[in-house]
Amino acid sequence: MNGCSEAPREEPVAQVGDRFLYKSDLLKIFPGNATREDSILIATDYINKWVKQELMIQKANENLSPGQKDVTRELEEYRNSLIIFRYKNELMQQRMDTVVTPAQIEQYYEQNKTTFNLDRSIVKGVYVRIPQELANVDALKTMVQDMTDEGQSILRDYCTRYAKNFEIATNWIDFKVLNRNLPVQIDDPEAFLRNNSLKEMTDEDYYYLVSILDYKLTNDLAPLEFVENDIKNLILNQRKIKFLREVETNIFKEGERQKKFKIYDTAINNE
């Protein structure tokens, strides 16, 4: 956080010891679309945090020894780490292959199936919550069974007009996404999914319809499409590790060829 220890150059908004915080410092933190009320809240929060930080620094300076306050080595290590991190990121952006093909994803999946057992139940399905007076039950039951593009379009149009909320999940989703919208929470998802392809529920105001198109239970092998993004990230992470290892090795070999370093005998003679 900003602040200075010289004489105030303008009207300060806060002071701790010989440190000042100015209005001009606050102007830098406001988002462009902030209202007056938002600006007051943001400024108050920032000032309080600044005061607490300055008081903590003041207390630390009073109670730590000169040696404890010397952070030269830590700052140098942090600077070096930050420069190396930025250099590696720049190299990866310029040189690392980031294209992962569907064939590579499928190959990884086939070779590592035992690592993709589900830790939760997942479903493909439809959920509709609609006011009882607007619910055409028979029509809804028919619509949720037609998951062609045209059928989905008809169902989505109907739900957009009449439903309070709905979910048409033709991709795999966590069963909890459906469960949290039901009037009665399902404590045993596995039993529910095994025994209900179409489930109707009601409460005082709404009619609920859940159509389970497909499901996988806890400990089942996850479908490829459900984990393909995870696999892509795993492949990229492996490439990253290999790439950075090769970068370090090549830089070391280059330094060795160009005689940029020496390693001295540091063995300790115990005789």
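If you look the protein chain up in an unreviewed UniProt entry, it shows as Peptidyl-prolyl cis-trans isomerase from Maribellus luteus.

On to the sheet that holds strand β3 (residues 122–131), then. Spatially, β4-β3-β6-β5 is the arrangement adopted by the 4 strands of the open sheet, whose pairing is antiparallel. Here the strands that pair on one side only, and so sit at the sheet edges, are β4 (165–174) and β5 (198–202). Neighbour-to-neighbour, the strand axes of this sheet turn through a mean angle of 10°, independent of strand direction. Judged from the 10 bridges that link them, β3 and strand β6 (residues 206–216) form a sheet pairing that is antiparallel. If you follow valine 126 over to β6, its bridge partner there is serine 211.

Regular strands show a simple pattern: their side chains alternate between the two faces of the sheet. Of the strand pairs in this sheet, strand β1 (residues 12–16) and strand β2 (residues 19–22) are connected by 4 bridges, and their pairing is antiparallel. Residue pairing for β2: alanine 14 is matched across the bridge by leucine 21. Hairpin connection from β1 to β2: 2 residues lie between these consecutive antiparallel strands, with glycine 17 at a positive phi of about 60°.

This brings us to helix α4 (residues 72–95). Between the first and last C-alpha of α4 there are 34 Å, a value that for 24 residues agrees with the 34 Å anticipated at 1.5 Å per step. By the burial criterion, the buried members of α4 are Lys88, Leu91 and Met92. Among the structural elements, α10 (224–257) are those in contact with the buried residues of α4.

What follows deals with the packing of aromatic side chains. Under the defined criterion, the tally for this structure stands at 7 aromatic pairs. Among the aromatic residues, those joined into a ring-pair cluster are Tyr108, Tyr109 and Phe116. The side chain of arginine 129 reaches across the aromatic face of tyrosine 206, ending 4.4 Å from its centre.

Turning our eyes to something else, we now look at the packing of α4 against α10. It is at 11 Å that the axes of α4 and α10 come closest, and there the two elements cross at 110°. It follows from the interaxial angle that α4 and α10 lie roughly perpendicular. For α4 against α10, the interelement crossing comes out right-handed. Facing α4, whose interface residues are Tyr87, Lys88, Leu91, Met92 and Arg95, α10 presents Lys240, Phe243, Leu244, Val247, Glu248 and Ile251.

This part covers the packing of helix α5 (residues 102–111) against α10. Between α5 and α10, the shortest axis-to-axis distance is 9 Å and the interhelical angle comes to 95°. One finds that α5 runs roughly perpendicular with respect to α10. Residue-level inspection shows Gln104, Ile105, Glu106, Tyr108 and Tyr109 of α5 in contact with α10, the latter providing Leu224, Val227, Glu228, Ile231, Lys232, Leu234, Ile235, Gln238 and Arg239.

Quick look at the pattern of salt bridges now. Under the criterion given, the structure shown has 13 salt bridges. Put simply, arginine 73 and glutamate 77 hold a salt bridge, and the shortest N to O gap is 3.1 Å. In this pair, arginine 73 and glutamate 77 are both assigned in helix α4, 4 residues apart and thus about one turn of the helix distant. Ionic pairing is found between glutamate 110 and lysine 113, a salt bridge with its closest N-O pair at 3.2 Å. Using a relative accessible area of 45% as the deciding quantity, one classes glutamate 110 as partly exposed. Take lysine 113: its relative accessible area is 31%, and that puts it in the partly exposed class. Within the structure, one salt-bridge network assembled from shared partners comprises Arg73, Glu74 and Glu77.

What follows concerns α10. Residues lying three or four places apart along an α-helix face the same way, a consequence of the helix completing one turn every 3.6 residues. Here α10 spans 47 Å end to end across 34 residues, near enough to the 50 Å set by a 1.5 Å rise per residue. Considering bend angle alone, the principal kink of α10 is centred on aspartate 230 and spans about 30°. All of the buried residues along α10 are Val227, Ile231, Ile235, Leu236, Arg239, Phe243, Leu244, Val247 and Gly255. In the core, the buried residues of α10 are packed alongside α4 and α5. Looking one or two residues beyond α10, the residue adopting positive phi is lysine 259, at roughly 50°.

Ranked by size, the top nonpolar core spans 16 residues in total, and within it Val123, Leu178 and Leu193 carry the most contacts. When contributions to this core are tallied by element, the ones reaching two or more residues are β3, β4, α8 (175–179), α9 (189–195) and β6. Here this core gets 4 residues from one element, more than from any other, and that element is β6. Those residues in contact with valine 123 that lie beyond four places of it in its chain are Asn171, Trp172, Ile173, Phe175, Leu178, Leu193, Ile212, Asp214 and Tyr215. In this structure, Val128, Met143, Ala163 and Ile168 belong to the second largest nonpolar core, which totals 14 residues.

Cut-off values and rules
- Residues numbered from 1 in each chain as written.
- Predicted model: local features only at pLDDT ≥ 70, side-chain atom pairs only at ≥ 80, totals over all residues.
- Heavy atoms only, no water.
- Pairing = 2+ DSSP bridges.
- Helix = DSSP H or I, 4+ residues; strand = E, 2+ residues; numbered from the N terminus.
- Axes fitted to C-alpha atoms, helices over the stretch in contact; angles between N-to-C directions.
- Expected span 1.5 Å × (residues − 1).
- Buried < 20%, exposed > 50% of the residue type's maximum accessible area, 1.4 Å probe, protein only.
- Contact = heavy atoms within 4.5 Å.
- Phe/Tyr/Trp six-rings, centres within 6.5 Å; stacked < 30°, edge-to-face > 60°.
- Lys NZ or Arg CZ within 6 Å of the ring centre and 35° of its normal.
- Parallel < 35°, antiparallel > 145°, perpendicular 65-115°, else oblique.
- Left-handed = near helix turned anticlockwise from the far one by under 90°.
- Salt bridge = Lys/Arg side-chain N within 4 Å of Asp/Glu carboxyl O.
- Bend = angle between axes of the 7 residues up to and from the residue.
- Core = buried A, V, L, I, M, F, W, Y, C linked by side-chain atoms within 4.5 Å.

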